[in-house]
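The lines below spell out each chain.
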Amino acid sequence: MEGDTVGDTAVDGVEVKATLVGSELDRAVTALDLDRDEAEQHRVWFFDTIDPDSGDLRLLSAGVILRLRRKKNKKWTSTLKLRPAEADRLVGDFHAEADRFDAYKVEYDWAIEPVLAASMDTDVDDATIDALLARPDVIPTLYTDDQRRLLTEVGAPPSDPFLDLRCAGPVRAHRWDDVDTGALGDVRAELWEYDGGGAFLELSLNAADYDQARQQRTQLLADLKRHQLAPDPEAGSKTATVLYDLLPTRPTRPT
C-alpha cells in the first residue's frame, strides 16, 4: 500500500474518530437513527494483565494492544496494535510504503489529537480457537511470527509480553457503515456495550492524508454540533476503561 507522508512519517492514512458516552450516546443513537437490528454484529476481546505492584495495565502502558474480534459470520481476527508507535522505528519491512504484509497499516488515530499507530491483523482458524477454549494459556498462539516481529522490532514491550495474560470481554459491538451525520455523508458508527453498564459509541471515517483528515474532523464536529451532540473529551482512554472494567483476576477465555 502506498503511503502518504505526514511530516516526516509515511502513513497509509488517518482515521478520524469521535466518541460519545452516557446521555450523549443515547441521544446520538436516536438522532442518527441507529437500529441495532440493522447493524453488523461483532464480539471483541482484549488481552492484558494488571501489574500487581503498580496497578498499571502491563501491555497498554507500553503502547501494546492485543485484540480478538469475531464477526457474525464466525470469522475470527487477531490484531496486534502499537499506539503510540515510534516513527523512527517504522523502517524496513514496517515502513508504510514497504508493502510487505497484507494486513499491516500505519496510520494516525485522531480522536482528540493525532496519535501514530501501527497494526497488523491475521485470521485465526477454528482449531486455534478450540485450543484456546480448552487452555487459556495458549493465547499467544493467536499472534503470528510477523505480528510478533512488529511487537519486538517496532514496539517497546515489557519483558515476556505474553506472560499470564487475562481476557477482557466480550464487548458486544454493533457496526453501521453508512451513517448520515450531515454534510459529511456516510460515516462508520460502532456501538460497544459490555456487562456492568459500559457503553461507547464511536463515529469514524478514513482520510487519505492529514489535510483531508483535518477538514473531515472539522466537518464531523460541526455535524455533531448541529445534532446538539458533544464527543467525550477523554476518548483516548476508551481501551483502558474497557480493560480496567473487564479484566478478571484469574485467567479466562473468549466464549
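What you are looking at is a predicted structure, and each value in this text was computed from that prediction instead of being measured.

> I'm lost on the overall build of the chain in this one. Help?
When its secondary structure is counted, the chain shows 5 helices and 11 strands. Judged by the C-alpha coordinates and their principal axes, the chain covers about 50 × 45 × 40 Å. A buried classification covers 48% of the 255 residues belonging to the chain. Summarising the internal contacts of the chain: among those between residues at least 6 apart in sequence, 68% fall at separations of at least 24. Of the accessible surface of the chain, which amounts to about 12600 Å², a share of 44% is contributed by carbon and sulfur atoms. Distance from the positive charge centre (31 side chains) to the negative charge centre (50 side chains) of the chain: 4 Å.

> Could you clarify how one ought to interpret the environment of S204 in this entry?
Counting through the fold element by element, S204 comes out in strand 11 (residues 198-207). On a C-alpha basis, the gap between S204 and H227 in space is 16 Å, while along the polypeptide they are 23 residues apart. Residues contacting S204, with those up to four places away along its chain left out, are E15, V16, K17, V187 and R188.

> Is there a simple way to explain the sheet that holds strand 8 (residues 114-124) in this structure?
Each strand in a sheet pairs with its neighbour through backbone hydrogen bonds, running either in the same direction (parallel) or in the opposite one (antiparallel). Read around the barrel, 9 strands follow the order 3-7-8-6-5-4-9-10-11 and close on themselves; strand pairing throughout is mixed. Across the sheet, the mean angle from the axis of one strand to that of its neighbour is 30 degrees, orientation sign disregarded. Bridge count for strand 3 (residues 13-20) against strand 11 is 7 bridges, and the pairing is antiparallel. Bridged to A18 within strand 11 is L203. Against the sheet, helix 2 (residues 126-134) contacts strand 5 (64-71), strand 6 (76-82) and strand 8, and its axis sits at roughly 100 degrees relative to strand 8.

> Would you explain the nonpolar core in this entry?
If you look at soluble globular proteins, the nonpolar side chains tend to sit buried side by side. One finds F47, L66, Y104, L142, L150 and L201 to be the most contacted residues of the largest nonpolar core, which totals 59 residues. In this structure, L150 is in contact with L80, L82, F94, Y104, A118, S119, M120 and G155, ignoring residues within four places of it in sequence. One finds L57, L60, L243 and L246 within the second-largest nonpolar core, a separate group that totals 15 residues.

> Is there a simple way to explain helix 5 (residues 238-246) in this structure?
An α-helical turn contains 3.6 residues, so any two residues separated by three or four positions project in the same direction. Residues of helix 5 that are buried: K238, T239, V242, L243 and L246. The buried residues of helix 5 occupy an angular sector of 135 degrees when projected down its axis, which confines them to one face. Buried positions along helix 5 lie against strand 3, strand 4 (40-48), strand 5, strand 9 (166-180), strand 10 (186-194) and strand 11.

> Where do I start with the pattern of salt bridges in this structure?
Once the charged atoms of two side chains with opposite charge are near each other, the side chains can pair. Scanning all chains against the criterion turns up 20 salt bridges. Note that R27 is salt-bridged to E24, the shortest N-O span being 3.1 Å. A residue pair is termed a helical-turn pair when its members lie 3 or 4 positions apart in one helix, as R27 and E24 do in helix 1 (residues 22-31) at 3 residues. Given the relative accessible area of 34%, R27 is considered partly exposed. The salt bridge partner of E190 is R69, with a shortest N-O separation of 3.1 Å. With E190 in strand 10 and R69 in strand 5, this pair connects stretches of sequence that are 121 residues apart.

> Just to check I follow, could you spell out the environment of G182 for this structure?
Inspection of the secondary structure assignment puts G182 in the loop between strand 9 and strand 10. With relative accessibility at 37%, the residue G182 sits in the partly exposed group. Taking the C-alpha atoms as reference points, G182 and A103, separated by 79 residues in sequence, lie 31 Å from one another.

> Help me understand the packing of aromatic side chains in this model?
Any two aromatic rings considered together are summarised by their centre-to-centre distance and by the angle between their planes. Counting across every chain of the model gives 8 aromatic pairs. Each ring, one from F94 and one from F101, has its centre 5.3 Å from the other, and the planes form 25 degrees; the classification is stacked. Residues F94 and F101 agree in their burial class; the two are buried. Here W110 and Y210 contribute two aromatic rings whose centre-to-centre distance is 5.2 Å and whose plane-to-plane angle is 15 degrees, an arrangement assigned as stacked. With W110 in strand 7 (residues 104-110) and Y210 in helix 4 (residues 210-226), the pair connects residues that are 100 residues apart, well separated along the chain. Note on Y210: relative accessible area 30%, which makes it partly exposed. In textbook terms, an aromatic cluster arises when at least three aromatic residues are bridged by ring pairs, as seen for F94, F101 and Y104. Over the ring of W192 we find K238; its NZ or CZ atom is 4.0 Å from the centre of that ring.

The rules behind these values
- Residues numbered from 1 in each chain as written.
- Predicted model: local features only at pLDDT ≥ 70, side-chain atom pairs only at ≥ 80, totals over all residues.
- Heavy atoms only, no water.
- Helix = DSSP H or I, 4+ residues; strand = E, 2+ residues; numbered from the N terminus.
- Buried < 20%, exposed > 50% of the residue type's maximum accessible area, 1.4 Å probe, protein only.
- Contact = heavy atoms within 4.5 Å.
- Areas by Shrake-Rupley, 256 points an atom, 1.4 Å probe, with all protein chains shown as cover.
- Lys, Arg positive; Asp, Glu negative; His and termini not counted.
- Charge placed at Lys NZ, Arg CZ, Asp CG, Glu CD.
- Pairing = 2+ DSSP bridges.
- Axes fitted to C-alpha atoms, helices over the stretch in contact; angles between N-to-C directions.
- Core = buried A, V, L, I, M, F, W, Y, C linked by side-chain atoms within 4.5 Å.
- Arc of directions from axis to C-beta.
- Salt bridge = Lys/Arg side-chain N within 4 Å of Asp/Glu carboxyl O.
- Phe/Tyr/Trp six-rings, centres within 6.5 Å; stacked < 30°, edge-to-face > 60°.
- Lys NZ or Arg CZ within 6 Å of the ring centre and 35° of its normal.

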